[in-house]
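Overview (structure and organization)
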Amino acid sequence: MKIDRVYYNGVIRTMVSEGDTVEALAVHNGTIVAAGTSKEMRAIDACEYVDLQGRSVLPGFADTHMHLFHDCMGRITPNLSGCHSIPEILSLLEQRKESIKPGQWLTAENMHLEFLKEGRFPNCDELDSVSSEIPICIGSFCHHVHVLNSAALALAGIDASFQPMVADHVGRFDDGRPDGVVREVVYPEHVDPVIPRMSLQECVDAVHEHLQYCSSLGLTQLEVNQEDGPFGARLYTEMRRQKGLPCHLTLNWYPEYPNVRGLVTGFGDDDLKLGAIKMLTDGGIGSAGALMLEDYENPVGTRGECNYTQEELDELVKTAYDAGHDVSIHAIGDAANDMVLTAFERAYDPAVGDARRFYFVHATLVSDTFIERAAKIPCVIAIQPVWLENFVNFGELRLGKERANRLFQIKDMMDAGLIVAGGTDAPVCTVNPFYGVECAVTRQAVGRDDVTLGADQAISVYRAVEMVTKNAAYWCSEEHRKARSSRQAGRLHCARSGYLRYRSEADPRDAGAIDRVERRRGVRARVA
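Structural notes, computed from the coordinates.

Below, the discussion takes up the overall build of the chain. Along its length, the chain carries 17 helices and 22 strands. Look at the contacts in the chain between residues 6 or more apart in sequence, and 72% of them connect residues 24 or more apart. Here the chain displays about 21000 Å² of accessible surface, and carbon together with sulfur accounts for 48% of that area.

Structure representation (structure tokens):
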């Protein structure tokens, strides 16, 4: 029997260890069936032989935390990241207004408070100057803050008598009227459900196109939240039936949704399966909502917010864990991460071991004791180094110099033996994984060298790539298929298209140590 294809004369980086390479791969039915020297692989009977001409081949990348549906919609809606004043925001919305059809909302994303010269978000009266009839909703880059005009507030049922669970989650004018600014859970619980959605078929078409874009960046596996979109897992099931899945998907889900079928983490197949139960403990640092052990530098007098008491979180975690789920929790502030770690410690059963896992999503700022404690239980850390793109703008303002330089303690965590995986939290930041790799190496925003945060936490290119390949495989519970030597037949999988390259010979803290993505004809090996 002939196999499909042999790729030879390449530098194929296995990620087994730094510098470990093979020259050639044999691929059949999308699976790497053999690996070795060019001479060995060319001796195999194949339908096609591809000369890589000395090019480098990297494993396919995984994003361990991103919001696929919202990232797709963010590529469709106006982007406010370039706006530096409220009038600029209003002008962009004014331009977009004419294209809005009856019944639709005017939405925009990626507003940065730290960029706005007024030092505040716009209010509903200002949005009403664009239109008081078309519902308008604009979001911050972190998606923890949204601003609505009066029409949107009315449709969401947010008026002077509205009482959120946390008073500050709805901003108010001096006369008690909502000023349009809503924070945290108010948006997903009250605003998002009333925004008109595209049809299932429209969503299938749009998200499939976006997945093709993700694949073109070298991504082969995405960990997403199924409740982000209006159709949940049905969207991806229908997409697979109609078009196929350009990337493998793991769907996280929230404990608030009844699980009457007894489905648990891992249900599904390699292309589409259920992931961990997902919870959120605190907000973001940009909005001063992340829960801190000490007061924020700015605004003063606050330590952020938490969605649970320790007892409530303990019960939720233990219930999910005992029911057979992995548990994944959003925690950004050091106090929130300590709370989550305590809940994990109390739920952990040594008899289960790492068959059921605990996941920290973000772990942006951690306490002095966190790393030592976390190393004692089977937990995995998913950090988004690409967040440095934003934190160089406001990290020190919010936290002060000392804490800002303790953000993303990737090196310390890795040195302690913790498994640290990478992701983007797209659409908070670009889904392009190479940006996160570069930020982890340089501790700077891509293309900028004016601000460096936590230079002592910079890691090598190899370790940065580990975060989105080998370590990401463990996060996705696929180390049994992927995190093996490339010399083991059947353990690696051929990605859809393209080829990725990096250079590790330079100083790992030099921004030039990572070549920008080079797209050339070839193969992208999907191993981690």
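Alright, that's what it looks like, and here's the rest.
Attention shifts here to the packing of helix 9 (residues 310-322) against helix 10 (residues 334-347). Packing of helix 9 against helix 10 leaves a shortest axis separation of 9 Å and a crossing angle of 45 degrees. Between helix 9 and helix 10, the interaxial angle falls into the category oblique. As helix 9 packs across helix 10, the resulting crossing turns out to be right-handed. Contact residues: Gln310, Leu313, Asp314, Val317, Lys318 and Tyr321 in helix 9; Met339, Val340, Thr342, Ala343, Phe344, Arg346 and Ala347 in helix 10.

Once that is clear, we can look at unusual backbone geometry. A cis amide bond, omega 5 degrees, links Asn298 with the succeeding residue Pro299. In this structure, Pro299 sits in the loop between strand 16 (272-280) and helix 9. That bond from Ala426 to Pro427 is cis: its omega, 15 degrees, falls within 30 degrees of zero. Within the secondary structure layout, Pro427 lies in the loop between strand 20 (419-422) and helix 15 (433-442). The backbone of Glu184 shows a phi angle near 55 degrees, a positive value even though the residue is not glycine. Examined against the element boundaries, Glu184 turns out to sit in the loop between strand 13 (178-183) and helix 6 (186-191). With relative accessibility at 14%, the residue Glu184 sits in the buried group.

Once that is clear, we can look at the nonpolar core. Ranked by size, the top nonpolar core spans 103 residues in total, and within it Leu222, Tyr236, Ile285, Val317 and Met413 carry the most contacts. A total of eight residues in this core trace back to one element, the largest contributor, which is helix 10. Once residues within four sequence positions are removed from consideration, Val317 is found in contact with Met279, Val327, Ile329, Ala343, Phe344, Ala347 and Phe358. Counting residues in hydrophobic clusters, the runner-up holds 21 residues, among them Leu90, Ile100, Leu113 and Val130.

When you line up the elements, Phe391 lands in helix 12 (residues 388-399). Classification of Phe391 as buried rests on a relative accessible area of 5%. As a C-alpha pair, Phe391 and Ala445 span 54 residues in sequence and 8.6 Å in three-dimensional space.

With twelve residues, helix 3 (residues 86-97) ought to run about 16 Å at 1.5 Å a step, and its terminal C-alpha atoms sit 16 Å apart, in line with that. Within helix 3, the full set of buried residues consists of Ile86, Ile89, Leu90, Leu93 and Lys97. Taken around the axis of helix 3, the buried residues stretch over an arc of 95 degrees, which confines them to a single face. Every exposed residue of helix 3 that faces more than 90 degrees away from the buried side is listed here: Pro87 and Gln95. In the core, the buried residues of helix 3 are packed alongside strand 9 (106-111), helix 4 (124-128) and strand 10 (136-140).

Counting across every chain of the model gives 19 salt bridges. Close ionic contact of Glu48 with Arg5 constitutes a salt bridge, the shortest N to O distance being 2.9 Å. A residue pair is termed long-range when its members are at least 10 positions apart, and Glu48 in strand 6 (residues 46-51) and Arg5 in strand 1 (residues 3-8) qualify at 43 residues. When its relative accessible area of 26% is taken as the criterion, Glu48 is described as partly exposed. On the basis of relative accessible area, Arg5 is assigned to the partly exposed category, the value being 26%. We note a salt bridge from Glu126 to Arg120, for which the minimum N-O separation is 2.7 Å. We classify Arg120 as partly exposed; its relative accessible area is 35%. It is possible to trace a salt-bridge network through shared partners that takes in Asp125, Asp175 and Arg177.

Rules behind the numbers
Residues numbered from 1 in each chain as written. Predicted model: local features only at pLDDT ≥ 70, side-chain atom pairs only at ≥ 80, totals over all residues. Heavy atoms only, no water. Helix = DSSP H or I, 4+ residues; strand = E, 2+ residues; numbered from the N terminus. Contact = heavy atoms within 4.5 Å. Areas by Shrake-Rupley, 256 points an atom, 1.4 Å probe, with all protein chains shown as cover. Axes fitted to C-alpha atoms, helices over the stretch in contact; angles between N-to-C directions. Parallel < 35°, antiparallel > 145°, perpendicular 65-115°, else oblique. Left-handed = near helix turned anticlockwise from the far one by under 90°. Buried < 20%, exposed > 50% of the residue type's maximum accessible area, 1.4 Å probe, protein only. Core = buried A, V, L, I, M, F, W, Y, C linked by side-chain atoms within 4.5 Å. Expected span 1.5 Å × (residues − 1). Arc of directions from axis to C-beta. Salt bridge = Lys/Arg side-chain N within 4 Å of Asp/Glu carboxyl O.

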